[in-house]
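# Chains, contacts and geometry: an overview
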Amino acid sequence: MTRVMFDSVARLQTRSAVYPIDYKRRSLLILLTAAALLMMLIMAGWLTNPDALSVQLDQRNLPPSFQHLFGTDWLGRDMFVRVMKGLLLSIQTGLAGAVCSAMIAAVLGIASALFGRQADRIITWLTDLFLSVPHLVALILVAFVCGGGMKGIVIGIALTHWPALARLIRAEAMQLMAAQYVQVSRRLGRSLFWIARRHMLPHLLPQLTVGLILLFPHAILHEAAVTFIGLGLPPHQPAIGIILSESMRYLSSGMWWLAVLPGAALLAAVRAFDVIGSHTKRLLDSQQYERL
Amino acid sequence: MPGWLKFAFGKSVRLAALLAAVSIITFVLISFSPVDPVRAYIGADMMTVGAEQRLDIAVYWGLDQPPLERFLKWVSSMIQGDFGSSMIYREPVAGVIAERFWYSLSLMAAAWLLSGLIGFAAGSAAAMNRGGWLDRVIQWVCYTIASTPSFWIGMLLLMVFAVWLGWLPAGLGVPAGVAAEQVTIADRIRHMVLPAAALSIAGISAVALHTRQKLIDILDSDFVLYARAKGERGWQLYRNHGLRNIALPAMTLQLASFSELFGGAVLAEQVFTYPGLGHATVEAGLRGDVPLLMGLVLFSTLFVFTGNTAADVLYRLVDPRIRGHENDSRNV
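Since we're looking at a predicted model, the values are computed, not measured.

Turning our eyes to something else, we now look at the overall build of chain A. Each helix and strand counted, chain A has 11 helices and zero strands in total. Listing the helices and strands of chain A from first to last along the sequence gives α-α-α-α-α-α-α-α-α-α-α. Among the 292 residues that make up chain A, the fraction classed as buried is 51%. Long-range pairs, those at least 24 residues apart, make up 71% of the contacts in chain A between residues at least 6 apart in sequence.

As structure tokens, this is what we get:
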């Protein structure tokens, strides 16, 4: 009995003693590895030779080999190049959408705290409203309304992904608004805009950055989903979702590499963003983890 | 009970406002769309249809009237239960949604239960073995699933179980070429297994990670320390002190995830060409079936709202503290 208790206490002690020193270095290492992987994927999309996308009918349906890392498709196009280009396109689209979304979240979250109770009510209601339609349905609607294309996806992602981050920013901004130095600043006659720019933004920047990075994975996954459905980019712009939806037709023919490898590449990219986001968060609010 | 009445009334007002806002936004969005509904309706036959016929079609669907009038007409007929008729299915929208809802409902219910149970068990197991290899494996799997496109999971399942092993049918809701009366329940279930599996895998990670975190918080509490000191451990400790405390948050989270469930169903149904609501949503979006798309947007909103309300009701039932703080609970 005493041993159990001793164990628990000892565990608490070791955690608080060892963890803080170790986790920072570990987080940084993981973060850098993920960033390097991501950079490699992006560079691969940038630098690969688009000539490999030309149709070569004598090289059709080849399984993966050293010459064609991801094999070739039914037209003899090199799948590795297609996937890397598609991934780059998906990352760019997701990035644009996520950045717009984070900006909406920042503006609404700060406005919620700045402009008093009535504004806060309206914004909270708006947040709930946007959370109440399933993301994918809203994305389909917006993509349809925009008549397809990159624009529709970016707008769709921007419009659907902000509520969660906006709530976070709002809670944080509310606390700042109640802080004494902000109160003093108001009494000194500073305008609300000044307070937002000088007091709120610098404080909220870490949360915004982390929130933005953690938005990427969702944005990219949703981009892939919309293009997979066929509502997004036209077929000659091979986003990763289009590559996957095309491979659906060849599933029954045993050409596994057409579906497995592009999906795995997408998974790796999304996971890398996720790891970067969560470890940045860990490094930025180290205080919270030091208490662990 | 007045508290309940107030709650129900508040919820109804909220729902009415929500549906009104969603329908206005949807309508405005669609009326600004560059997509010409007549053109979308005609589709590939564009060359063979003359200008007069096009005008006839526009008049038939009421497209020649100004937007505000169309909106008022749409709303007034909607209140009477008429959602218009779907352009691609040539049926009333309400009928299309109702028929397909049963397919989707069984699929989503199965996936919802399965992902909830598996996620709960996995999260509990991880927390009880915190820091151990099981915990690490479960966490790793959960984070990986969370970054995996759910339609890709469906494609992998399709490849392994339908193409490679040939155990299960590759798509559709019922066997092809069989008369509707001869389709058995077993057939329907066999067709549902793979989409349901894909959908439940996608839903596991949120519940599992959430449950793990909650249970860890509880295991760190003083009363668990005391229970440990009394000699409780393992399953007994979990049953007496963990289970009760984490069951409710997990249920609530699962109920509040109806939005992701619906989105996942859209993709799973698309991969397996399963004739549910998600498939109809995609078709409506791709082929420009505006009445059906608007009906589906409203229906999915109602669906998500039902989940959230159920979560609220559950909390009120179980936790009496919430009932007294109805007004300030939202302003935290």
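Residue and element names in this part refer to chain A. For the pair helix H2 (residues 79-114) and helix H3 (residues 116-131), interaxial distance at closest approach is 7 Å and the crossing angle is 145°. When H2 is examined against H3, the residues Leu-108, Ala-111, Ser-112, Ala-113 and Leu-114 are found in contact with a partner set consisting of Gly-116, Asp-120 and Ile-123. Taken together, the residues that form the contact of H2 with H3 break down as five nonpolar, two polar and one charged.

So, about the interface of chain B and chain A. Counting from both sides, the interface comprises 53 residues of chain B and, opposite them, 46 residues of chain A. Taken over both partners, the interface formed by chain B and chain A buries close to 4,400 Å², and the fraction arising from carbon and sulfur atoms is 75%. Across the chain B-chain A interface, the total number found is zero salt bridges. Between the two partners, chain B and chain A, sit zero residue pairs in polar contact (both at pLDDT 80 or more). Secondary structure elements with two or more residues in the side of chain B that touches chain A: helix H1 (2-31), helix H6 (133-146), helix H7 (150-164), helix H9 (222-229), helix H11 (258-271), helix H12 (277-287) and helix H13 (290-318) of chain B. Here the residues of the side of chain B that touches chain A are counted per class, giving 32 nonpolar, 14 polar and seven charged.

Moving on, we get to the confidence of the model for chain B. Residues and elements named next belong to chain B. Here chain B shows a mean pLDDT of 80. Residues at 70 or above account for 84%. Per-element averaging of pLDDT across chain B places helix H14 (residues 320-324) at the bottom with 62 and H6 at the top with 89. Below pLDDT 50 for its whole length, residues 326-332 participates in seven contacts with residues either more than four positions away or in separate chains. Here the prediction assigns the complex a pTM of 0.81, and the interface score ipTM is 0.81.

We now examine the packing of aromatic side chains. Residue and element names in this part refer to chain B. One pass over the structure, following the stated rule, counts 10 aromatic pairs over all chains. Ring centres 5.9 Å apart and planes at 55° place the aromatic pair Phe-101 and Trp-102 in the tilted group. By relative accessible area, which is 18% here, Phe-101 ends up buried. On the basis of relative accessibility, which here comes to 58%, the residue Trp-102 falls in the exposed class. Seen in terms of ring centroids, Trp-235 and Tyr-238 are 5.6 Å apart; in terms of plane orientation they differ by 40°. Their pairing is tilted. With Trp-235 and Tyr-238 both in helix H10 (residues 234-256) and three residues apart, the pair spans about one turn of that helix. Ring pairs connect the aromatic residues Trp-112, Phe-258, Phe-262 and Phe-303, which therefore count as one cluster.

What counts and what doesn't
- Residues numbered from 1 in each chain as written.
- Chains lettered and ligands numbered in written order.
- Predicted model: local features only at pLDDT ≥ 70, side-chain atom pairs only at ≥ 80, totals over all residues.
- Heavy atoms only, no water.
- Helix = DSSP H or I, 4+ residues; strand = E, 2+ residues; numbered from the N terminus.
- Buried < 20%, exposed > 50% of the residue type's maximum accessible area, 1.4 Å probe, protein only.
- Contact = heavy atoms within 4.5 Å.
- Axes fitted to C-alpha atoms, helices over the stretch in contact; angles between N-to-C directions.
- Nonpolar A, V, L, I, M, F, W, Y, C, P; charged D, E, K, R; others polar.
- Buried area = accessible area lost by both parts, 1.4 Å probe.
- Salt bridge = Lys/Arg side-chain N within 4 Å of Asp/Glu carboxyl O.
- Polar contact = N/O pair within 3.5 Å; in protein donor to acceptor, adjacent residues only side chain to side chain.
- pLDDT = per-residue confidence, 0-100.
- Phe/Tyr/Trp six-rings, centres within 6.5 Å; stacked < 30°, edge-to-face > 60°.

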